[in-house]
Amino acid sequence: MKKALFVIMVVAIAMLVGCATPEQKAQKLFDQGKYAEILAQYANLPIAAQAKDKLAEGLFNEGKFEEVLSTYPESPFASQAKNKLAEKLFNEGKYDDVIAQYGDTPFAMQAKDMKAKADFDVATKEKKKDVQKKMLEDIVAKYAGTPTAANAQQMLDDMNKKGAKKAAPAGTKKAPASKMGKK
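Values in this document were obtained by computation on a predicted structure and should not be read as measured data.

Draft legend 1. Inspection of the pattern of salt bridges at higher detail. Counted according to the given criterion, the structure contains eight salt bridges. With a closest N to O distance of 3.3 Å, Glu 92 and Lys 94 form a salt bridge. A salt bridge links Lys 134 to Asp 138; the nearest nitrogen and oxygen atoms lie 2.8 Å apart. With a gap of four residues between them, Lys 134 and Asp 138 both fall in helix 9 (residues 129-142), about one helical turn apart. Judged by relative accessible area, which is 47%, Lys 134 ranks as partly exposed.

Draft legend 2. Helix 8 (residues 106-125), seen in detail. Over its 20 residues, helix 8 extends 29 Å from the first C-alpha to the last, a length consistent with the 28 Å expected when each residue adds 1.5 Å. Those residues of helix 8 lying buried are Phe 107, Ala 108, Ala 111, Asp 113, Ala 116, Phe 120 and Ala 123.

Draft legend 3. Structural detail: the packing of helix 2 (residues 22-31) against helix 4 (residues 47-61). Where helix 2 contacts helix 4, the axes come no closer than 10 Å and their chain directions differ by 15 degrees. With respect to each other, helix 2 and helix 4 are oriented roughly parallel. As for how helix 2 packs across helix 4, the hand of that crossing is left-handed. For the pair helix 2 and helix 4, the contacting residues are Ala 26, Gln 27 and Phe 30 in the first and Ile 47, Gln 50, Ala 51 and Lys 54 in the second. A class-by-class count of the residues in the contact of helix 2 with helix 4 yields four nonpolar, two polar and one charged.

Draft legend 4. Structural view of the side chain of Thr 148. Looking at the element boundaries, Thr 148 is found in helix 10 (residues 147-167). A polar contact is formed between the side chain of Thr 148 and the side chain of Asp 113, at a distance of 2.7 Å. If sequence neighbours within four positions are ignored, Thr 148 has contacts with Asp 113, Ala 116, Lys 117, Phe 120 and Ile 139.

Conventions and cut-offs
Residues numbered from 1 in each chain as written. Predicted model: local features only at pLDDT ≥ 70, side-chain atom pairs only at ≥ 80, totals over all residues. Heavy atoms only, no water. Salt bridge = Lys/Arg side-chain N within 4 Å of Asp/Glu carboxyl O. Helix = DSSP H or I, 4+ residues; strand = E, 2+ residues; numbered from the N terminus. Buried < 20%, exposed > 50% of the residue type's maximum accessible area, 1.4 Å probe, protein only. Expected span 1.5 Å × (residues − 1). Axes fitted to C-alpha atoms, helices over the stretch in contact; angles between N-to-C directions. Parallel < 35°, antiparallel > 145°, perpendicular 65-115°, else oblique. Left-handed = near helix turned anticlockwise from the far one by under 90°. Contact = heavy atoms within 4.5 Å. Nonpolar A, V, L, I, M, F, W, Y, C, P; charged D, E, K, R; others polar. Polar contact = N/O pair within 3.5 Å; in protein donor to acceptor, adjacent residues only side chain to side chain.

Remember that the coordinates give geometry; whether it matters functionally is a separate question.
Rendered as structure tokens:
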């Protein structure tokens, strides 16, 4: 009798231990770092999102930036991976690729400015003022928002002021203020 009671108690304890909820089982896997298993077995639980982020973080730390973007595009590590890829292309001088592939990164604006600087250098060396003006206008339009586009706009403004002074007919200068009534 004691033996039967003992067996029943062992079976009951085993059943209680084995009856962990899916959330508890998933949390145990998470605590063990078994993130892929969580996605395989408990993808519908909230902890699955955390597991995805942990997997993305691991790939990011390994330098697998393309894989982070393709596999976990919603992860917070996706934007960091995008910035790393843009930085790599920028450092290689592949400005067009940075702008085309990673246009929403800070490196895209820097790449635009580098391209604008090259165009600005050519424009400032242009001897024909009408051609130079057109080149500067193109820089302002094409690279709006960059520091170099602002420089090009300032140069255009200066050119326009000089042109306006030359265009004013002789003798239209404002007369000095009268000194009448002053002692």
